[in-house]
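Chain and residue survey
For reference, the chains in residue letters:
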Amino acid sequence: MIELDSVTKRFRVRGREVVGLDAVSLSIAPGEFLAVVGSSGSGKSTLLLTLGGLSRPDTGSVHLNGYSLYDLSLPDRARARREAIGFLFQTFNLVPYLTALENVQVPLYLAERSPTDQEQEARRLLKEVGLGDRLDHKPAELSVGQQQRVALARALANKPTLILADEPTGSLDPEQSNEIMGQLERLHSEGTIIVLVTHDPSVAARATRRVRMELGRISEENTK
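Definitions and cut-offs
- Residues numbered from 1 in each chain as written.
- Predicted model: local features only at pLDDT ≥ 70, side-chain atom pairs only at ≥ 80, totals over all residues.
- Heavy atoms only, no water.
- Patch = residues over 30% accessible without salt bridge, like charges linked within 9 Å, V, L, I, M, F, W, Y side chains within 5 Å.
- Areas by Shrake-Rupley, 256 points an atom, 1.4 Å probe, with all protein chains shown as cover.
- Salt bridge = Lys/Arg side-chain N within 4 Å of Asp/Glu carboxyl O.
- Helix = DSSP H or I, 4+ residues; strand = E, 2+ residues; numbered from the N terminus.
- Buried < 20%, exposed > 50% of the residue type's maximum accessible area, 1.4 Å probe, protein only.
- Expected span 1.5 Å × (residues − 1).
- Arc of directions from axis to C-beta.
- Contact = heavy atoms within 4.5 Å.
- Core = buried A, V, L, I, M, F, W, Y, C linked by side-chain atoms within 4.5 Å.

**Concerning a nonpolar patch on the surface**
Among the surface-exposed residues, Val106, Tyr109 and Leu110 lie close enough to one another that they form a single nonpolar patch of about 300 Å² accessible area. Tracing the chain through its elements places Val106 in helix H3 (residues 100-110). Taking relative accessible area as the criterion, Val106 reaches 31% and is therefore assigned partly exposed.

Right, here's the structure in full:
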């Protein structure tokens, strides 16, 4: 279970106060697939960063798996992110000079897995997302859809209970988008919580629950 309780986040931009989140309360159940929609500047990405332990709220609390995320020390919060959360971004954030295999090994290395375990698990994950024949390719040698699948394999490396996806299909064509959404639906069917930010109604429609954000607030909610 993930719970946000009256979470507020404000920023100063060019001397002006901007509200990212305005007293947002939200509960996300185990195994849920939640899509967050809304216009640019509505607070979608701020919500995702706050859920992921990357943006401390000004007020309110965030609970993940029974503990208060922002009451943890910085090392413990980093460990919680590493062990429980996988991130998937529109820009992939792959290391350009590493191969697909090495990119997926990065979180396994940070988790202090043995070199043999790192390689075996990275190979398995890349095969799982359909890239078993692209292990030694660097990002520039892969299509954008393949790069996003490498990023997805990396996000899954430490078997997270929660995947946070910020516009993961935003730079993909319809076929590539369908492939990534199929992978996320598979993970959801296996019990992983998916929280996906998107501006694409067809992508949002594939989630089991949708919330709309406007001016830092959740203004609408739909469930299949």
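**Describing helix H4 (residues 115-128)**
The first and last C-alpha atoms of H4 sit 20 Å apart over 14 residues, in line with the 20 Å expected at 1.5 Å per residue. Turning to H4, its buried residues number three or more, namely Gln118, Glu121, Ala122, Leu125 and Leu126. Burial along H4 is one-sided: seen end-on, the buried residues are contained in an arc of 130°. For H4, the exposed residues lying more than 90 degrees away from the buried face are Gln120 and Lys127. Buried positions along H4 lie against H3 and helix H5 (144-155).

**Some words on the environment of Arg113**
Relative to the helices and strands, Arg113 resides in the loop between H3 and H4. Given a relative accessible area of 29%, Arg113 falls into the partly exposed group. Leaving out residues up to four positions away in the same chain, Arg113 has contacts with Leu108, Gln118, Glu121, Ala157 and Asn158.

**Remarks on the nonpolar core**
By size, the foremost hydrophobic cluster in this structure holds 36 residues, and its most contacted members are Leu126, Val150, Leu184 and Leu196. For this core, the secondary-structure elements that each account for two or more residues are strand S3 (33-37), H3, H4, H5, strand S7 (162-166), helix H6 (174-189), strand S8 (193-197) and helix H7 (201-204). Take this core: its biggest share by element is 5 residues, from H5. Leaving out residues up to four positions away in the same chain, Leu184 has contacts with Phe33, Leu88, Leu152, Ile163, Pro168, Ile194 and Leu196. In this structure, Leu26, Leu64, Ile85 and Val195 belong to the second largest nonpolar core, which totals 27 residues.

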